[in-house]
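Single-letter residue listing:
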Amino acid sequence: MARITASVYTSHVPAIGAAIDLGKTTEAYWKPVFQGYDFSKQWMKDNAPDVIFLVYNDHATAFSLEMIPTFAIGTAAEFQPADEGYGPRPVPKVIGHPELASHIAQSVIQDDFDLTIVNKMDVDHGLTVPLSLMCGQPQAWPCPVIPFAVNVVQYPVPSGRRCFELGKAIGRAIASFDTPLNVQIWGTGGMSHQLQGPRAGLINKEFDNMFLDRLIADPAGLAQVPHIDYVREAGSEGIELVMWLIARGAMADIAGGGKPHVAHRFYHVPASNTAVGHLILENPA
Ligand code: DHB
Ligand code: FE
């Protein structure tokens, strides 16, 4: 059977992608951001997954106001890096895993969650920046990736509670796939940031660190936080954090298994307009 071995959580930020692509990672401003991922790049090599289930948000790139799926699963064989205005990032195309993705769609929809099935989709910085942070600049990404896009851009957005429950259903789906695969689930986006209006530039270190603490130790309680609290405390774009609850909901302890091991924790301000947060949680063997 397939098994979730670990979950990874990280902010995205387009400027991080640009810093990597333009060779600026050792500049004074960026160095402390990338140092936080030195451990993670080695960890990825030491704990190479067969598949990554990558929860992220599209930023009006693949989707627009014409069509707003709350939860969309990428079932295609491959996904091209999107042109976000300056041309596509010079990163490898993303190879999908149509068999596992279709199985998850079947299982999760029969488990009462509505997913949009997407057979053609370009992937923006929400997906490619986490891959770059964790994998560096390889010729090809180390394994297939199933993109799972969550609408946290256009209201109404899903609650943290629903995301956490969905994570549980995704965990059940992966555990019932009849092939021995080592699967990682990644929750991305956040941490606190606001890109618009009078509060643009908002960062809340206290909230972010409380979120990291509770994501590790009290995820069911954290899942009860209403969306308005994210907006008040973490800024309008801080709502991206609900995606981390999907990955956390798929971990073993939530289904009655052992507690995860915190392999790595990192927090840094600023990167562009956001706080950068990062966690690696490993399921017990
Ligand atoms: C920034 C952060 C984001 O999450 C995003 O999607 C776009 C921009 C920023 O910090 O500038
Ligand atoms: Fe974003």
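I will try to describe carefully the structure that is included in this document. All figures in this text were calculated on a predicted structure; none of them were measured in a lab. (Residues numbered from 1 in each chain as written. Chains lettered and ligands numbered in written order. Predicted model: local features only at pLDDT ≥ 70, side-chain atom pairs only at ≥ 80, totals over all residues. Heavy atoms only, no water.)

With mixed pairing, eight strands are arranged side by side in an open sheet as S6-S3-S7-S2-S8-S1-S10-S9. A strand with exactly one partner marks an edge of an open sheet, and here the two such strands are strand S6 (116-118) and strand S9 (261-271). Each adjacent strand pair in this sheet contributes to an overall mean axis angle of 20 degrees, direction not counted. Where strand S2 (residues 51-56) lies against strand S7 (residues 145-150), five bridges are found, and the strand directions are parallel. Bridging from a neighbouring strand, Val55 pairs with Phe148 of S7. Contacting strand S1 (3-10), S9 and strand S10 (274-282), helix H7 (residues 205-217) crosses the sheet at an angle of about 165 degrees to S9. In the packing of helix H10 (residues 242-249) onto the sheet, contacts are made with S1, S2, strand S3 (71-74), S7, strand S8 (182-188) and S10, and the angle to S8 comes to roughly 160 degrees. (Pairing = 2+ DSSP bridges. Helix = DSSP H or I, 4+ residues; strand = E, 2+ residues; numbered from the N terminus. Axes fitted to C-alpha atoms, helices over the stretch in contact; angles between N-to-C directions. Contact = heavy atoms within 4.5 Å.)

Time to look at the environment of Phe207. Mapped onto the elements, Phe207 comes out in helix H7. Taking the relative accessible area as the measure of exposure, Phe207 reaches 7% and is therefore buried. In this structure the C-alpha to C-alpha distance between Phe207 and Ser192, which are 15 residues apart in sequence, comes to 7.9 Å. Ignoring sequence-local partners within four residues, the contact set of Phe207 consists of Tyr230, Glu233, Ala234 and Leu241. (Buried < 20%, exposed > 50% of the residue type's maximum accessible area, 1.4 Å probe, protein only.)

Here we come to the site of ligand 1. All residues in the neighbourhood of ligand 1 are listed as His12, Val13, Pro14, His59, His125, His193, Leu195, Glu240, Ser272, Asn273 and Thr274. Taking His59, its side chain carries an N or O atom lying 2.7 Å from an oxygen atom of ligand 1. Here an oxygen atom of ligand 1 and a side-chain polar atom of His193 are 2.8 Å apart. Protein coverage of the free-state accessible area of ligand 1, which is 300 Å², stands at 89%. Because more than half of its atoms lie within 2 Å of the grid, ligand 1 is assigned to the largest pocket. Taken together, the residues of the shell around ligand 1 break down into three nonpolar, seven polar and one charged. (Near = heavy atom within 4 Å. Polar contact = N/O pair within 3.5 Å; in protein donor to acceptor, adjacent residues only side chain to side chain. Areas by Shrake-Rupley, 256 points an atom, 1.4 Å probe, with all protein chains shown as cover. 1 Å grid on protein atoms, 1.4 Å probe; cavity = no way out; pocket = protein on both sides within 12 Å on 5 of 7 lines; lining within 4 Å. Sits in = over half its atoms within 2 Å of the grid points. Nonpolar A, V, L, I, M, F, W, Y, C, P; charged D, E, K, R; others polar.)

Those protein atoms acting as donors to the iron ion (ligand 2) are His12 (NE2), His59 (NE2) and Glu240 (OE), and they sit at 2.0 to 2.2 Å. Between the donor residues of the iron ion (ligand 2), the gaps in sequence give the motif H-x46-H-x180-E. Here His12, found in the loop between S1 and helix H1 (14-21), pairs with His59, found in the loop between S2 and S3; they are 47 residues apart in sequence, far enough to count as distant. In this structure His12 comes out as buried when scored by relative accessible area, which is 3%. Look at His59 and you get partly exposed, because its relative accessible area is 24%. (Donors = N, O, S within 2.8 Å, 3.2 Å for Na, K, Ca; no water.)

So, on to the layout of surface pockets. Empty space within the largest pocket amounts to approximately 670 Å³. Lining the largest pocket are 32 residues, and of these Val13, Pro14, Ala15, Glu84 and His125 sit closest to its centre. Elements with a minimum of two residues in the lining of the largest pocket: H1 and helix H5 (125-135). Element by element, the count of residues in the lining of the largest pocket is highest for H1, at five residues. In terms of residue class, the lining of the largest pocket is made up of 13 nonpolar, 14 polar and five charged. Considering only enclosed or pocket space, the second largest pocket measures out at about 260 Å³ in volume. The wall of the second largest pocket is formed by 15 residues, among which Gly171, Ala175, Ala250, Ala252 and Ala255 lie closest to the centre. Elements with a minimum of two residues in the lining of the second largest pocket: S1 and helix H6 (160-175). Among the elements that line the lining of the second largest pocket, the one with the most residues is H6, at five residues. Its residues assigned to classes, the lining of the second largest pocket comprises nine nonpolar, three polar and three charged. (Points joined across faces, edges and corners; volume = space filled by probe spheres on them.)

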